[in-house]
Amino acid sequence: MSEPIMPECKDSAGHHLHICQLRTEGRQKEVSALMTDPGYICLNCNAVAHNIKNLCNPISFSKA
C-alpha cells in the first residue's frame with residue numbers, strides 16, 4: 001500500500017513559521033498563540049491560524 005500524497009507547501013521558504021513545523025518542534029505555546037482568532041485554515045492539515053503566513057496551504061474562511 002502506498003503512502004497518501006499530501007499537497008505541497010505553498011511557501012517552502014517560510015515553512016519554519018508554519019504551525020505544522022512548530023508542532024513538530026514541540027513549540028505548543030507558540031502554536032496556541034498563532035491560532036487565536038483564526039481566519040485561515042490549512043487544506044493540508046486542517047490547522048487554523050490568525051495569519052496566512054503560518055499555514056502551508058491556506059484558504060480564508062468567514063467567521064460567523
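Rules used in this analysis
Residues numbered from 1 in each chain as written. Predicted model: local features only at pLDDT ≥ 70, side-chain atom pairs only at ≥ 80, totals over all residues. Heavy atoms only, no water. Pairing = 2+ DSSP bridges. Helix = DSSP H or I, 4+ residues; strand = E, 2+ residues; numbered from the N terminus. Core = buried A, V, L, I, M, F, W, Y, C linked by side-chain atoms within 4.5 Å. Buried < 20%, exposed > 50% of the residue type's maximum accessible area, 1.4 Å probe, protein only. Contact = heavy atoms within 4.5 Å. Salt bridge = Lys/Arg side-chain N within 4 Å of Asp/Glu carboxyl O. Polar contact = N/O pair within 3.5 Å; in protein donor to acceptor, adjacent residues only side chain to side chain.

## Some words on the sheet that holds strand E1 (residues 40-42)
Spatial ordering of the open sheet is given by E2-E1-E3, a layout of three strands whose pairing is antiparallel. Whereas interior strands pair on both sides, the edge strands pair on one side only; in this sheet they are strand E2 (48-49) and strand E3 (58-60). Where E1 meets E2, two bridges bridge the pair, whose relative direction is antiparallel. Of the residues in E2, the one forming a bridge with Ile41 is Val48.

## Looking at the nonpolar core
Residues Cys9, Ile19, Leu22, Val31, Cys42, Ala47, Ala49, Leu55 and Cys56 constitute the largest nonpolar core, which totals nine residues. The residues touching Ala47, leaving out its near neighbours within four places in the chain, are Ile19, Arg23, Tyr40, Ile41, Cys42 and Leu55.

## Things to note about the pattern of salt bridges
This structure, assessed with the given rule, holds two salt bridges. Ionic pairing is found between Arg27 and Glu25, a salt bridge with its closest N-O pair at 2.7 Å. Of the charged contacts in the structure, one is a salt bridge between Arg27 and Glu30, with a shortest N-O distance of 2.6 Å. A network of salt bridges, in which partner residues are shared, links Glu25, Arg27 and Glu30.

## Details of the environment of Gln21
Within the element layout of this structure, Gln21 appears in helix H1 (residues 19-24). In this structure, the C-alpha to C-alpha distance between Gln21 and Cys56, residues 35 residues apart in sequence, is 9.5 Å. Leaving out residues up to four positions away in the same chain, Gln21 has contacts with His15 and His16. In this structure the side chain of Gln21 is engaged in a polar contact, spanning 2.9 Å, whose partner is the side chain of Glu25.

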